[in-house]
2 protein chains.
Amino acid sequence: MPVGFNADEMQKVDEVVEKRRRIKQGERLFSSGDAFTSLYAIRTGFFKTCVASEDGREQVTGFQMAGEIIGMDGIVADHHNCNAVALEDAEVCVMPFASVEELSRELPVLQRHVHKIMSREIVRENSVMMLLGNMRAEERLAAFLLNLVQRLHARGLSQSELVLRMTREEIGSYLGLKLETVSRTFSKFSDDGIIEVKQRYVKIIDADALKKIFNSQIAY
Amino acid sequence: MPVGFNADEMQKVDEVVEKRRRIKQGERLFSSGDAFTSLYAIRTGFFKTCVASEDGREQVTGFQMAGEIIGMDGIVADHHNCNAVALEDAEVCVMPFASVEELSRELPVLQRHVHKIMSREIVRENSVMMLLGNMRAEERLAAFLLNLVQRLHARGLSQSELVLRMTREEIGSYLGLKLETVSRTFSKFSDDGIIEVKQRYVKIIDADALKKIFNSQIAY
DNA sequence: TTGTTTTTTTGACATGCATCAAGGAATTTT
DNA sequence: AAAATTCCTTGATGCATGTCAAAAAAACAA
């Protein structure tokens, strides 16, 4: 929740939260085609969102963690456009969108906050487009890891160690790579002494090297 | 502008438009880093939006035409995150975002409209991610052409003929392909009798074939 | 018109990642 | 604990697209 609320406003914002909902690992918070009613604030847990093409190919469009808002894809057509799957047991706050809109009309700070959240998602997707359109496998994985630790660190976790909540295949889907390529790239980073990997556990040894790869200052 | 306004509301919405601005072909409506003040409704002309990475690679993130709104990328950080370049002489309505927000608080229909526009952009970018992450060159170009004619047709133009406002390189940047690949794929579609191409002019001969390629019902 | 620049097309060749395959490690189920 | 399943790693090979190059066509400028 944003800063800039006084106590009274804060209470009103709290009242928008209709209830909480628990989602078990592997279950869906919502599916493509579901009627859109609410946005969801992730309290705990980790989600992926993904879209599927007609012939069954799946594209992971994002990974979301505690404190992030999902469901905005549903506003435009009153039904959801992607699936939101819990990658670990999770709990979300259900925020009926009609209430969010109503209160937004009363509280300009909330209104602005909602707009920023949606704008942030647009900007994030822009940078994923850059990643998918222009970067090579190593750059993509470096960008992915740096983004992940940065977000985890903002939540008080380590800057250098993380436990992936998703499979190589899901990482690959997000990055536009096959799972074998993801695995090989992890191994290469490990061989180069940039990271330590043991399955889902990753430790970043040389963050600068990762950043250089990301900015593709390739040293031939 | 959306339906659902009465005359009085319509007038208020009109008043949000501060002024109009003309942008010559090749000039920028806004640049990455510019202070964010306004959204822009395209009245006439055609734009591309693009982001650049530190090492200078450019990714076209979208092509926008009359009736579409650009600038929402700027909300989150109060400065723009991409460049908006006119691909032909254009005219836009400048809508100061503070006024949009103010009036949105008064008019729920406008509020909902603003939310839908942002949600639509999120959903569009999701499908671009699918395109960049999962599709092959022919599928990408087919999707691109179908999307373009569909939008042009919605504006009263032909369902089957169009004049591209962008170069092969810009198409390639949007689709995550090199310009040579775009050119070759155009030639292949032409050889297969699916389209006619003469430089920027494209005529769709067999829309069903394009749709099949897009859905990748490949007939080996 | 003529010259210059930009854009497009096409060919030859290179390469990064995908595909196919197999085995090993970890996790879940029985 | 054993069996089954899922996930991960690694090797061999292939292919779609990138790269390099050159020329043609179109657009623009002088």
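Quick look at the structure, then. (Residues numbered from 1 in each chain as written. Chains lettered and ligands numbered in written order. Predicted model: local features only at pLDDT ≥ 70, side-chain atom pairs only at ≥ 80, totals over all residues. Heavy atoms only, no water.)

1. Some remarks on the protein's contact with DNA strand D
- By nearness alone, 19 residues border DNA strand D, and R168(A), R184(A), S187(A), A137(B) and T181(B) come closest of all.
- The protein-proximal atoms of DNA strand D, defined as those within 4 Å of the protein, are 65% sugar or phosphate.
- Side-chain polar atom of E180(B) to a base nitrogen of DNA strand D: 3.2 Å apart, as the coordinates give it.
- Contact between DNA strand D and K198(B): a phosphate oxygen at 3.5 Å from a side-chain N or O atom of the residue.
- Elements represented by at least two residues in the surface near DNA strand D include exactly α6 (179–191) of chain A together with α6 (179–191) of chain B. (Near = heavy atom within 4 Å. Polar contact = N/O pair within 3.5 Å; in protein donor to acceptor, adjacent residues only side chain to side chain. Helix = DSSP H or I, 4+ residues; strand = E, 2+ residues; numbered from the N terminus.)

2. Focus: the sheet that holds strand β7 (residues 83–86) of chain B
Residue and element names in this part refer to chain B.
- Taken in spatial order, the 4 strands line up as β2-β7-β4-β5 in an open sheet, and their pairing is antiparallel. With one partner strand each, in any of the chains shown, β2 (28–30) and β5 (58–65) form the two edges of the open sheet. Taken over all neighbouring pairs, the strand axes of this sheet differ in orientation by 30 degrees on average, direction set aside.
- Relative to β7, strand β4 (residues 46–52) runs antiparallel, the two being bridged by 4 bridges. Bridged to K48 within β7 is V85.
- Most of the contacts of helix α4 (residues 137–154) go to β5, to which it runs at about 25 degrees, and overall it touches β4 and β5.
- Of the strands in this sheet, β4 and β5 touch helix α5 (residues 168–175), which is tilted by about 105 degrees from β5. (Pairing = 2+ DSSP bridges. Axes fitted to C-alpha atoms, helices over the stretch in contact; angles between N-to-C directions. Contact = heavy atoms within 4.5 Å.)

3. Section: the packing of helix α5 (residues 168–175) of chain A against α6(A)
Residues and elements named next belong to chain A.
- Orientation of α5 relative to α6, taken along the N-to-C sense of each, is 100 degrees, at an axis distance of 8 Å. For the element pair α5 / α6, the angle class is roughly perpendicular. Taking contact as the criterion, the partners of R168, E169, I171 and G172 in α5 are, on α6, L179, V182 and F186.
- Taken together, the residues of the contact of α5 with α6 sort by class into 4 nonpolar, 1 polar and 2 charged. (Parallel < 35°, antiparallel > 145°, perpendicular 65-115°, else oblique. Nonpolar A, V, L, I, M, F, W, Y, C, P; charged D, E, K, R; others polar.)

4. Regarding the relation of the copies chain A and chain B
- When chain A is fitted to chain B, the best match, at an RMSD of 0.0 Å, comes from turning it 180 degrees and sliding it 0.0 Å along the axis. In symmetry terms, the pair is related by a two-fold rotation axis. The position closest to the rotation axis in chain A is occupied by the C-alpha of R105(A), lying 2.1 Å away.
- Looking at the interface residues of chain A, 100% of them are also at the interface in chain B, so both copies use one shared face. (Least-squares fit on C-alpha atoms with pLDDT ≥ 70 in both.)

5. Some remarks on the packing of helix α1 (residues 7–16) of chain A against helix α2 (residues 97–106) of chain A
Residue and element names in this part refer to chain A.
- In the contact formed by α1 and α2, the axes pass within 9 Å of each other and the chain directions differ by 165 degrees. Classified by the angle their axes make, α1 and α2 are roughly antiparallel. Considering the relative orientation of α1 and α2, their crossing is right-handed. Taken together, the residues of α2 that come into contact with α1 (itself represented by K12, V13 and V16) are S99, V100, L103 and E106.
- Residue classes in the contact of α1 with α2 are distributed as 4 nonpolar, 1 polar and 2 charged. (Left-handed = near helix turned anticlockwise from the far one by under 90°.)

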